Amino acid sequence: MITGKQRSYLKKLSQNLNPIFQIGKGGLTENIIKQFDEGLEARELVKTNVLKNSLFDAKEASEAIANATGAEIVSVIGSKFVLYRESKKKKTINLP
């Protein structure tokens with residue numbers, strides 16, 4: 001569980017990130033969850049865009065992926081969301 005101060009710090013870091021994943025009409029498949037897991041291990045902080053043709057909205061998708069990967073939801077704004085999970089091998093973000 002991250003604190004409010006840590007969440008604020010992560011939001012600041014995520015402002016300059018481009019979305020690396022898109023969730024569309026295919027929904028949340030096992031393959032997408034695996035890609036998120038790998039992306040979180042490599043980057044720790046990932047931004048995602050939920051397309052208009054998706055069956056999920058950004059909040060639903062972020063909650064489902066966070067539960068499946070053990071990540072924390074940093075923010076959900078419009079059709080984008082940001083997830084954080086500390087990397088086991090490549091820790092680059094030092095939380096306050």
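Residues numbered from 1 in each chain as written. Predicted model: local features only at pLDDT ≥ 70, side-chain atom pairs only at ≥ 80, totals over all residues. Heavy atoms only, no water.

### What about the overall build of the protein chain?
A tally of regular secondary structure across the protein chain gives 3 helices and 4 strands. Scaling as 2.2 N^0.38, a compact globule of 96 residues should have a C-alpha radius of gyration of about 12 Å, and the protein chain matches this with 13 Å. Viewed in the frame of its principal axes, the protein chain has a C-alpha envelope of about 35 × 25 × 20 Å. Here the protein chain holds 96 residues, and 40% of them are scored as buried. Sequence separation of 24 or more characterises 70% of the internal contacts of the protein chain that already satisfy a separation of 6 or more. Total accessible area computed for the protein chain in this model is approximately 6000 Å², and 49% of it derives from carbon and sulfur atoms. Measuring between centres, the 16 positive side-chain charges of the protein chain sit 7 Å from its 10 negative side-chain charges. (Helix = DSSP H or I, 4+ residues; strand = E, 2+ residues; numbered from the N terminus. Rg over C-alpha atoms; globule rule 2.2 N^0.38 Å. Buried < 20%, exposed > 50% of the residue type's maximum accessible area, 1.4 Å probe, protein only. Contact = heavy atoms within 4.5 Å. Areas by Shrake-Rupley, 256 points an atom, 1.4 Å probe, with all protein chains shown as cover. Lys, Arg positive; Asp, Glu negative; His and termini not counted. Charge placed at Lys NZ, Arg CZ, Asp CG, Glu CD.)

### Quick notes on the packing of aromatic side chains
The full count for this structure, using the stated rule, is 2 aromatic pairs. Ring geometry for Phe 36 against Phe 81: centres 6.4 Å apart, planes inclined by 15°, an arrangement best described as stacked. Of this pair, Phe 36 sits in helix α2 (residues 30-43) while Phe 81 sits in strand β4 (residues 80-84), placing them 45 residues apart in sequence. In this structure, Phe 36 and Phe 81 share a single accessibility class: buried. Among the aromatic residues, ring-to-ring pairing joins Phe 21, Phe 36 and Phe 81 into one connected group. (Phe/Tyr/Trp six-rings, centres within 6.5 Å; stacked < 30°, edge-to-face > 60°.)

### Quick word on the sheet that holds strand β2 (residues 45-50)
Ordered by their spatial adjacency, 4 strands build an open sheet running β1-β2-β4-β3, and the pairing between neighbours is mixed. The strands lining the two open edges of the sheet, one partner per strand, are β1 (21-23) and β3 (72-77). For this sheet, the mean inter-axis angle between neighbouring strands, taken without regard to orientation, is 25°. Looking at chain direction, β1 and β2 are connected through 3 bridges and run parallel. The residue bridging Ile 23 from the neighbouring strand is Val 50, located in β2. Strands β2, β3 and β4 of the sheet are contacted by helix α1 (residues 4-14), whose axis makes an angle of about 55° with β3. Against the sheet, helix α3 (residues 58-69) engages β1, β2, β3 and β4, with an angle of about 20° to β4. (Pairing = 2+ DSSP bridges. Axes fitted to C-alpha atoms, helices over the stretch in contact; angles between N-to-C directions.)

Don't take any of this as a statement about function, it's just geometry.
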